[in-house]
Amino acid sequence: MRPRLDDGSLAESTGRPLVARRYLGAWLVLLLPAVIGIVKYYTYPDLGLFTWRVGESTTGAYMGINFHVYHVAAERALAGQPFYSVSPDPAAPSFVYLYPPVTVAGFLPFAVMDWTTGYLVFTAISLIAGVGASVATVRYVESLGTPLGWVDVALLCALFVLSIHVTATVYFGNINLLLGFAFAVGLLGLRRNREVIAGLAFAIAALLKLFPALIGLWLVCDRRWRAAGAAIGAGSAGLLAGVLLFGVDTTVHFFTSVLPGRSESAAFVGGLSAGGSFYVTVQRPLSHLIWSLWPDAPYAVLPASAALLCGAVLAVFYREVSSQRDRLFAVFATVVVALVAVPSFRLYAPILFLPLVALLYTWTGGPGRRLFLLGALLFSVVARPRHVLRAAEYLGPLEGIVVSIGRVVTLQLLAYGLMLGACAWHRRSSNGRPSDAG
């Protein structure tokens, strides 16, 4: 259905307007990360935008290092050499290839270039994918009967290519914008009942990072059997292709050595410290709770507790899905759970952009709306836990509270909690009343 303007005319009849409606809450939420991101582009990490130099750093974490890892893996794969546990820089030994074997095939074309040229090409591809994801998001929102103007389109594009959520991805040459594009295509595919396309898109994302496979919970709940089947089939085919291309030993090594190491289980025992890896996960506060109550608890208690907590959250949103807004809530909750159930980084946020934006534009009032906006604004405050603790020193009487919270909860995890709480509040308050989400 074509979106209509307030006067009932079709947006396409006279072209897209500059402003279709006033979405002040959505504009504020989208403008904040864009402004912070642009500032970061000029200062990240200690250089100006026009003085960035690919590969130059004294710390090892240099511009393009993630892509350099992919490039080295592709070169070694072409040479028939092992490509896991190999860093391109001795100063950064933790930067190694971490994805399933078949994914290396996607980087083989870059092996014919020097890695710095490849990084620039890959960055261009990522930015194009970001624009494509913003287009898919616009189409998704408009398919719900919500007209968007050029201001909205510009803000959505900025979210995907300029915001603070993607600056590090662009700087280091990571794949997170591609993940965001895959999820945007997948969710738009579900909206248009193109389930095979949706399943294939989700499978690509899951092959790269694995945790996106949790979207399968929603596919099953929503009885999208063709999408689920396509995702399982494509994912299984990808793993099999990895065996055929690179051998059984490489695949076994990935599942027995590489994958278990990504959990950093030892860092969580006793409680993940504020100075540790910048994970946005429920396992962080749970680690402090579990080992304070049970000092000798085995590590397995932590992921099991995270699974139970996240399962309980999904049960709230899956229990009754009777309106379009309920569906959006359920999709949003599923993606949040995928992000926080395991140790994951804030840089994976692009997979959440489409359901977040859809709620910002279609949920225009009622219980929980303002709390959701507050959580969405906090979502763009990406301060590390140690920075929060340092800032608490200047908050006077609030210092104790901020320190107590900051030691165990990242700001983005708190933002996710506020947004999910707002959605649950609205569901409970609107029970039995018609939805205005289409």
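Rules used in this analysis
Residues numbered from 1 in each chain as written. Predicted model: local features only at pLDDT ≥ 70, side-chain atom pairs only at ≥ 80, totals over all residues. Heavy atoms only, no water. Helix = DSSP H or I, 4+ residues; strand = E, 2+ residues; numbered from the N terminus. Buried < 20%, exposed > 50% of the residue type's maximum accessible area, 1.4 Å probe, protein only. Disulfide = S-S within 2.5 Å. Axes fitted to C-alpha atoms, helices over the stretch in contact; angles between N-to-C directions. Parallel < 35°, antiparallel > 145°, perpendicular 65-115°, else oblique. Left-handed = near helix turned anticlockwise from the far one by under 90°. Contact = heavy atoms within 4.5 Å. Salt bridge = Lys/Arg side-chain N within 4 Å of Asp/Glu carboxyl O. Phe/Tyr/Trp six-rings, centres within 6.5 Å; stacked < 30°, edge-to-face > 60°. Patch = residues over 30% accessible without salt bridge, like charges linked within 9 Å, V, L, I, M, F, W, Y side chains within 5 Å. Areas by Shrake-Rupley, 256 points an atom, 1.4 Å probe, with all protein chains shown as cover. Core = buried A, V, L, I, M, F, W, Y, C linked by side-chain atoms within 4.5 Å.

## A word on unusual backbone geometry
So, point 1. Even without being a glycine, S85 presents a positive backbone phi close to 60 degrees.
So, point 2. Assignment of secondary structure puts S85 in the loop between α2 (65-78) and α3 (115-143).
So, point 3. With phi around 60 degrees, R223 is a residue other than glycine that occupies positive phi space.
So, point 4. Along the chain, R223 falls in the loop between α8 (216-221) and α9 (225-246).
So, point 5. The class for R223 is exposed, based on a relative accessible area of 63%.

## Regarding the state of the cysteines
In a disulfide, the sulfur atoms of two cysteines are covalently bonded to one another.
So, point 1. For the structure shown, the criterion picks out zero disulfides.
So, point 2. With no disulfide of its own, C221 has C423 as its nearest cysteine by sulfur position, at a separation of 15 Å.

## Looking at the packing of helix α12 (residues 283-293) against helix α13 (residues 301-318)
Describing two packed helices takes the angle between their axes plus the distance from one axis to the other.
So, point 1. Running from N to C, α12 and α13 point in directions that differ by 120 degrees, and their axes come no closer than 10 Å. The angle between α12 and α13 falls in the class oblique. Where α12 crosses over α13, the two elements pack in a sense that is right-handed. For the pair formed by α12 and α13, the contact residues are Q283, L286, S287, I290 and W291 on the first element and V301, L302, P303, S305, A306 and L309 on the second.

## As for the pattern of salt bridges
So, point 1. Under the criterion given, the structure shown has five salt bridges.
So, point 2. The residue E142 makes a salt bridge to R16 at a minimum N-O spacing of 2.5 Å. Of this pair, E142 sits in helix α3 while R16 sits in the segment before α1 (24-43); the two residues are 126 residues apart in sequence, bridging distant segments of the chain.
So, point 3. Among the salt bridges present, the one from R427 reaches D326, with a minimum N-O distance of 3.6 Å.

## Quick word on the side chain of T169
So, point 1. Summarising the element assignment, T169 is placed in helix α5 (residues 167-172).
So, point 2. We classify T169 as buried; its relative accessible area is 2%.
So, point 3. Setting aside anything within four residues of it in sequence, one finds T169 in contact with N174, N176, L177 and L347.

## Topic: the packing of aromatic side chains
So, point 1. All chains considered together, the criterion is met by 31 aromatic pairs.
So, point 2. Ring centres 6.1 Å apart and planes at 45 degrees place the aromatic pair Y84 and Y97 in the tilted group. Here the residue Y84 occupies a position in the loop between α2 and α3, and Y97 occupies one in the loop between α2 and α3, the gap between them amounting to 13 residues.
So, point 3. Under the relative-accessibility criterion, Y97 is labelled buried at 1%.
So, point 4. Between the aromatic rings of Y97 and Y99, the centroid separation amounts to 5.3 Å while the plane-to-plane angle is 70 degrees, which identifies the pairing as edge-to-face. Each member of the pair, Y97 together with Y99, is buried.
So, point 5. Ring pairs connect the aromatic residues F67, Y70, F83, Y84, Y97, Y99, F107, F110, F122, F246, F254 and F255, which therefore count as one cluster.

## Let's talk about a nonpolar patch on the surface
So, point 1. A cluster of nonpolar side chains, L395, L398, I401, I405 and L414, forms an exposed patch at the surface whose accessible area comes to about 430 Å².
So, point 2. Relative to the elements of secondary structure, L398 occurs in the loop between α17 (385-391) and α18 (399-406).

## Observations regarding the nonpolar core
So, point 1. In terms of nonpolar packing, the biggest core is built from 122 residues, with Y97, F332, L360, Y361, F372 and Y416 touching the most fellow members.
So, point 2. Of all the elements, helix α14 (residues 324-340) adds the most residues to this core, at twelve residues.

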